[in-house]
Amino acid sequence: MLKNRVDMIKFSSTIIDVEGLNDELIAENIKQIAKENQIDLEDLELLYVSEMPEEIQGMTLGTQGIVLGPAALKSLSTLIEVLKHERQHIRDRKALGDPGAYGAELEQRAREA
C-alpha cells in the first residue's frame, strides 16, 4: 500500500525529490497528484520513466496513456502543465478518431488547453 503522497514525493519551489523511489511508485503518486488537481487520468495508463531524455517532459501512448520523465517533475506547476498538455493530445486524437495523429494543430490545441 502506498504511503501518503506527501511522504513520498516532496515538493520544493523548484524540484520534486523522488530519491529512492522506483518508477512505478512515482507514477502512482503522480496519479494522486493529478486527481487532487482535477486532471482525469482514470481511463489512461500513466508511466514514469526515470531514463527518459531530459529534453522530453512527457509524451502520449496514442490514446491509451501518458509517459512522463524527470523533466516533468521540476515543479508542481510544471507537472500539472505537462499532464494537462498530454491529456489534451489524447482528447484531440480521440475526437479525430486517429490515435496516431500528430502535428502543429494538435500541439497548438494542447497549448491552449
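Before reading on, note that the structure itself is shown above.
Residues numbered from 1 in each chain as written. Predicted model: local features only at pLDDT ≥ 70, side-chain atom pairs only at ≥ 80, totals over all residues. Heavy atoms only, no water.

### Some remarks on the sheet that holds strand S4 (residues 58–60)
- In spatial order, the strands read S3-S5-S4; together these 3 strands make up an open sheet with mixed pairing. Where the open sheet ends on each side, the last strands, each with one partner, are strand S3 (45–48) and S4. Neighbour-to-neighbour, the strand axes of this sheet turn through a mean angle of 15°, independent of strand direction.
- Strand contacts of helix H3 (residues 76–96): S3, S4 and strand S5 (65–68), with the helix running at about 150° to S5, the strand carrying the most contacts. (Pairing = 2+ DSSP bridges. Helix = DSSP H or I, 4+ residues; strand = E, 2+ residues; numbered from the N terminus. Axes fitted to C-alpha atoms, helices over the stretch in contact; angles between N-to-C directions. Contact = heavy atoms within 4.5 Å.)

### Digging into unusual backbone geometry
- The phi angle at Gln38 is positive, at roughly 55°, despite the residue not being glycine.
- For Gln38, the position within the fold is in the loop between helix H2 (23–36) and S3.
- Residue classification places Gln38 among the exposed positions, given a relative accessible area of 69%. (Buried < 20%, exposed > 50% of the residue type's maximum accessible area, 1.4 Å probe, protein only.)

### Structural notes on the nonpolar core
- Judged by nonpolar contacts, the single largest core of 21 residues is most densely connected at Ile30, Leu41, Leu46, Leu68 and Leu83.
- Put simply, the parts of the chain that give this core at least two residues each are H2, S3, S5 and H3.
- Filtering out sequence-adjacent residues up to four positions away, Leu68 remains in contact with Ile30, Leu46, Leu47, Tyr48, Val49, Met52, Gln57, Gly58, Leu79, Val82 and Leu83. (Core = buried A, V, L, I, M, F, W, Y, C linked by side-chain atoms within 4.5 Å.)

### Points about the pairing of S3
- Here S3 shows a buried face lined by Leu46 and Tyr48 and an unburied face lined by Glu45 and Leu47.
- The pairing of S3 with S5 spans 4 bridges and is classified as parallel. When the bridges of S5 are listed, Leu46 appears paired with Ile66.

### Overview of the side chain of Asp92
- Inspection of the secondary structure puts Asp92 in helix H3.
- When near neighbours in sequence (up to four residues on either side) are disregarded, Asp92 contacts Leu106, Arg109 and Ala110.

### Considering the environment of Met52
- Here Met52 is to be found in the loop between S3 and S4.
- In the structure, Met52 is positioned 18 residues away from Pro70 in sequence and 7.1 Å away in space, judged by C-alpha atoms.

### Describing the pattern of salt bridges
- On inspection of all chains with the given rule, the structure shows 4 salt bridges.
- Residue Asp43 is joined to Lys94 by a salt bridge in which the shortest nitrogen-to-oxygen separation is 3.0 Å. Separated by 51 residues along the polypeptide, Asp43 in the loop between H2 and S3 and Lys94 in helix H3 bring together distant segments of the chain.
- Judged by relative accessible area, Asp43 falls into the partly exposed class, the value being 45%.
- You can call Lys94 partly exposed: its relative accessible area is 41%. (Salt bridge = Lys/Arg side-chain N within 4 Å of Asp/Glu carboxyl O.)

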